[in-house]
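Close look at the chain arrangement
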Amino acid sequence: MEIHSSKRLEHFKTGIFAFLDEKRIEMEKKGRKVVNFSIGTPDFTAPDEVVASLVNGASKPETYGYTLTEIPELKDALCKYYKRRFNCDIFPDEITATNGSQEGIGHLAMALCDKGDIALLPNPGYPIFSAGAYLGGADEYYYPVLEENNYLPKLDEIPEDVLKRAKYIIVSYPSNPVCAIAPDEFYDELIAWAKKHNIIVVHDNAYSDIIYDGNIGGSFLSHEGAKDVGIEFFSLSKSFNLTGARVSFAIGNKEVVAAIKKLRSQYDFGIFRPIQEAAVTALTEDYTEFLENQRMKYQLRRDALCDGLSAIGWKVPKGKGTMFAWMPIPEKFTSSEAFCFELLEKTGVLCTPGSAFGSLGEGYVRFALTKTVEETQMAIKMIDESGILK
Ligand SMILES: Cc1ncc(COP(=O)(O)O)c(C=O)c1O
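Just so you know, these numbers come straight off a predicted model, no measurement behind them.

Attention shifts here to the overall build of the chain. Along the backbone of the chain there are 15 helices and 12 strands. Rg of the C-alpha trace for the chain: 21 Å, near the compact-globule value of 21 Å for 390 residues, within the 12% margin. Out of the 390 residues in the chain, the part that is buried amounts to 54%. Within the chain, counting contacts between residues at least 6 apart in sequence, those at least 24 apart form 75% of the total.

Laid out in structure tokens, this is it:
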């Protein structure tokens, strides 16, 4: 019997990722040292008490049933966390948990859009923004995220006919992959613009705790009028190193949250109770010091990578947030995919081509800050000694 996937799936190409990964495996089999900066999962670990909550919950047979929805303690803990951390009042009916922001954002267009509706998305941007819009049948319009505009959208340059059909806009700061942050005024302008054009704002706040140089991560929801126009995805993945546990939230406008909830109730039976209990611990204990230490470690890694590469002749800027570094490829190269392949082959250093994040990512690469300072310095030495920059 011949089996074919849906035409819908043909849209997604594994292309360069599969190719680079095959090359990595082949090199490792031959005993070559590979330093992999392409994976965006932290090498740090979750706080002990959070792990203990999960273990404790998982040891009780009665926790293995469907939860169907959030346990009340989880919503309560999140409301208190938002007040403490962002000085922002949120209420239980303004919250729905998702299996990671990835899942929530992936289903957003399905919950909000009809045929002909447009999703306004950043280019370059995190890939689920575009995949979710496509899977939900929305048309995609990409706004450029450029250094000359401080990586902020030029909202007044979006054409009128696009605005008329636009259902939602996704913005995300600190932003993956460009590592930029947004000033407070930006959110105020965005809220006024969204009200004027009747466009839902979706702020993806995955990196509120990974922000550098003394800046402090905030919440879109702490801005006046935010809940009238939109929602925020808030993830425990990167702050608390819980990427595998899959627990995040869509928070804000009640109607938008209700739509996401209604859709989710069709295909999901709720997050495993011990994971919800672990999330309660993460949101309730005081992790200020834990988060500060972690932020400093990421910042030291960023400095080691960016200063180290600049010192060997590859001038790279320092990003302002996220667990990544985003940099233009060395001048003599013209394609980010070709550069990544040659970098891997000649040096054993693996990073992600910027083109994976949209057409405007071409000419750039992304490094995840998931290696220690020592490993990062070793990788820089490998790059230097290979002669690839000469
Ligand atoms: C910008 C951005 N949004 C969302 C996610 C997914 O987060 P979660 O683990 O909550 O699904 C990531 C993960 O790398 C991300 O970089």
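Moving on from the model shown.
To continue, consider the domain arrangement of the chain. Under the domain assignment used here, the chain contains domain 1 (7-45 + 289-386) and domain 2 (49-284). Averaged C-alpha coordinates put domain 1 and domain 2 at centres separated by 26 Å. Contact with domain 1, which involves 32 residues of that partner, is made by 29 residues of domain 2. Buried area between domain 1 and domain 2, summed over both chains or domains, comes out near 2800 Å², and the portion from carbon and sulfur atoms is 61%. Among the residues domain 1 hides against domain 2, the three largest losses belong to K320, T322 and F357. Together they make up 23% of the total. Salt-bridge contacts for D213 lead to R302; the nearest nitrogen and oxygen are separated by 2.9 Å. Joining domain 1 to domain 2, the criterion identifies 19 residue pairs in polar contact (both at pLDDT 80 or more). Contributions of two or more residues to the side of domain 1 that touches domain 2 are made by α1 (7-10), α13 (288-311) and β9 (324-328). Here the side of domain 1 that touches domain 2 gets seven residues from one element, more than from any other, and that element is α13. In the side of domain 1 that touches domain 2, the residues fall into 14 nonpolar, 12 polar and six charged.

This part is about unusual backbone geometry. In this chain, N123 is followed by P124 through a cis amide linkage whose omega measures 0°. Of the consecutive residues Y173 and P174, the connecting peptide bond is found in the cis state with omega at -10°. Take P174: it is sitting in the loop between β5 (166-171) and α9 (184-197). Of note in the backbone geometry, N198 takes a positive phi value of approximately 60° without being a glycine.

This next bit is on the sheet that holds strand β6 (residues 200-205). Reading across from one edge, β2-β8-β7-β6-β5-β3-β4 is the order of the seven strands in this open sheet, with mixed pairing throughout. At either end of the open sheet lies a strand with only one pairing partner, and these are β2 (95-98) and β4 (139-144). Averaged over all adjacent pairs, the angle separating strand axes in this sheet is 25°, with direction ignored. In this structure, β5 lies alongside β6, joined through four bridges in parallel fashion. Its bridge partner lying in β6, V171 is registered against H203. Taken strand by strand, helix α7 (residues 127-135) contacts β3 (118-123), β4, β5 and β6, and its axis lies near 160° from that of β3.

One can describe the packing of helix α3 (residues 48-58) onto helix α12 (residues 273-284) by two numbers: an axis separation of 8 Å at closest approach and a directional angle of 155°. Judged on the interaxial angle alone, α12 and α3 are roughly antiparallel. The two elements α3 and α12 cross, and the hand of that crossing is right-handed. Touching E49, V50, S53, L54, G57 and A58 of α3 are P274, I275, E277, A278, T281 and A282, all from α12.

Next up on the list: the pattern of salt bridges. For the coordinates displayed, the defined rule picks out 27 salt bridges. Across the pair E277 and R273 runs a salt bridge, and its minimum N-O distance is 2.9 Å. Remark: R273 and E277 occur in helix α12; sequence separation between them is four residues, near one turn of the helix. Two residues, D384 and K390, come together in a salt bridge whose shortest N-O distance is 4.0 Å. Several salt bridges converge on common partners, so that one network encompasses D213, R302, D303, D307 and K318.

Let us now look at the environment of K195. If you trace the backbone, K195 turns up in helix α9. When the C-alpha positions of K195 and G225 are compared, they lie 9.0 Å apart, and in sequence the two are 30 residues distant. Those residues in contact with K195 that lie beyond four places of it in its chain are G225, D228 and V229.

Neighbouring the ligand are 13 residues, the closest being D204, Y207, S237, K238 and R246. In this structure, an oxygen atom belonging to the ligand sits 2.8 Å away from a side-chain N or O atom of N176. Taking S248, its side chain carries an N or O atom lying 2.8 Å from an oxygen atom of the ligand. Against a free-state accessible area of 400 Å², the protein chains account for coverage of 94% of the ligand. Sort the elements by how many residues they give to the shell around the ligand and helix α5 (residues 100-106) lands first, with three residues. Residue classes in the shell around the ligand are distributed as three nonpolar, seven polar and three charged.

Conventions adopted
Residues numbered from 1 in each chain as written. Predicted model: local features only at pLDDT ≥ 70, side-chain atom pairs only at ≥ 80, totals over all residues. Heavy atoms only, no water. Helix = DSSP H or I, 4+ residues; strand = E, 2+ residues; numbered from the N terminus. Rg over C-alpha atoms; globule rule 2.2 N^0.38 Å. Buried < 20%, exposed > 50% of the residue type's maximum accessible area, 1.4 Å probe, protein only. Contact = heavy atoms within 4.5 Å. Domains from an automatic or database assignment. Buried area = accessible area lost by both parts, 1.4 Å probe. Salt bridge = Lys/Arg side-chain N within 4 Å of Asp/Glu carboxyl O. Polar contact = N/O pair within 3.5 Å; in protein donor to acceptor, adjacent residues only side chain to side chain. Nonpolar A, V, L, I, M, F, W, Y, C, P; charged D, E, K, R; others polar. Pairing = 2+ DSSP bridges. Axes fitted to C-alpha atoms, helices over the stretch in contact; angles between N-to-C directions. Parallel < 35°, antiparallel > 145°, perpendicular 65-115°, else oblique. Left-handed = near helix turned anticlockwise from the far one by under 90°. Near = heavy atom within 4 Å. Areas by Shrake-Rupley, 256 points an atom, 1.4 Å probe, with all protein chains shown as cover.

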